[in-house]
Amino acid sequence: MEIKLEGVEKIPEILKSVNELKELILNSGLIKEWYTLEDTWKAKGGCSLSTFKNNRFFQCKGGVPDGLVNGRRVWNKKSVEEWIMITDEKLPEYHQKYKTGAVRK
């Protein structure tokens, strides 16, 4: 018994289109530029949200926002990309760099 699947030959063409669309989106600037406190917490993870909110030491730029969007504190993509690579051991240096005043509780 032979099974014939219709449209199988179109799979490589469809995958190419999907990859092209993905590259277009990534290169078009449609990726998020501003991140809320909750967004940064999700990106880095590792502790409870309440601990994160109550301890500026663990927050991007010590909780000092890059700006406000719709009345909420936000950090730009560049700030978040830098901060997300920082481990707890390097946080004191990071806070000195930005003069955040945040200290570990």
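Each chain carries its own residue numbering, running from 1 in the written order of its sequence. In keeping with the model being predicted, local features are shown solely for residues with a pLDDT of at least 70 and side-chain atom pairs are shown and tallied solely at 80 or more, while totals for entire chains, interfaces and linings include all residues. For the side-chain quantities, the full set of heavy atoms in the structure was used; hydrogens and water were omitted.

1. Quick word on a nonpolar patch on the surface
We apply this condition: Residues forming no salt bridge and having over 30% relative accessible area are the ones grouped into patches, like charges within 9 Å of each other and nonpolar side chains (Val, Leu, Ile, Met, Phe, Trp, Tyr) within 5 Å. Computed by Shrake-Rupley with a 1.4 Å probe, the accessible areas treat only the displayed protein chains as cover when residues are assessed. For this document, the term salt bridge refers to a Lys or Arg side-chain nitrogen within 4 Å of an Asp or Glu carboxyl oxygen. Working definition: helices are DSSP H or I runs of at least four residues, strands are E runs of at least two. Numbering for both runs from the N terminus.
Where nonpolar side chains cluster on the molecular surface, the patch consists of Ile3, Leu5, Val8, Ile11 and Leu15 and spans about 500 Å² of accessible area. The residue isoleucine 11 is located in helix 1 (residues 11-27) in this model.

2. So, the pairing of strand 3 (residues 72-76)
Put simply, the rule reads: Between any two strands, at least two bridges found by DSSP are needed for them to pair.
Sheet analysis places strand 1 (residues 34-36) next to strand 3, joined by three bridges and oriented antiparallel. Bridge assignment links tryptophan 34 to a residue of strand 3, and that residue is asparagine 76. Both strand 2 (residues 67-69) and strand 3 contribute to a ladder of three bridges, which runs antiparallel. Looking at the pairing, valine 69 lines up with arginine 72 of strand 3.

3. Focus on the nonpolar core
Rules: Nonpolar cores were defined as sets of buried Ala, Val, Leu, Ile, Met, Phe, Trp, Tyr and Cys residues, with membership established by side-chain atoms within 4.5 Å. The classification of residues rests on relative accessible area computed with a 1.4 Å probe and restricted to protein chains. Under 20% of the type maximum is buried, over 50% is exposed, and intermediate values are partly exposed. Contacts are assigned to residue pairs that have any heavy atoms within 4.5 Å of one another.
Counting twelve residues, the largest nonpolar core consists of Tyr35, Leu37, Phe52, Phe57, Phe58, Cys60, Trp75, Val80, Trp83, Ile86, Leu91 and Tyr94. Of all the secondary-structure elements, those providing two or more residues to this core are helix 4 (77-84) and helix 5 (91-98). If we skip the residues at most four places from it in the chain, valine 80 touches Tyr35, Thr40, Cys60 and Trp75.

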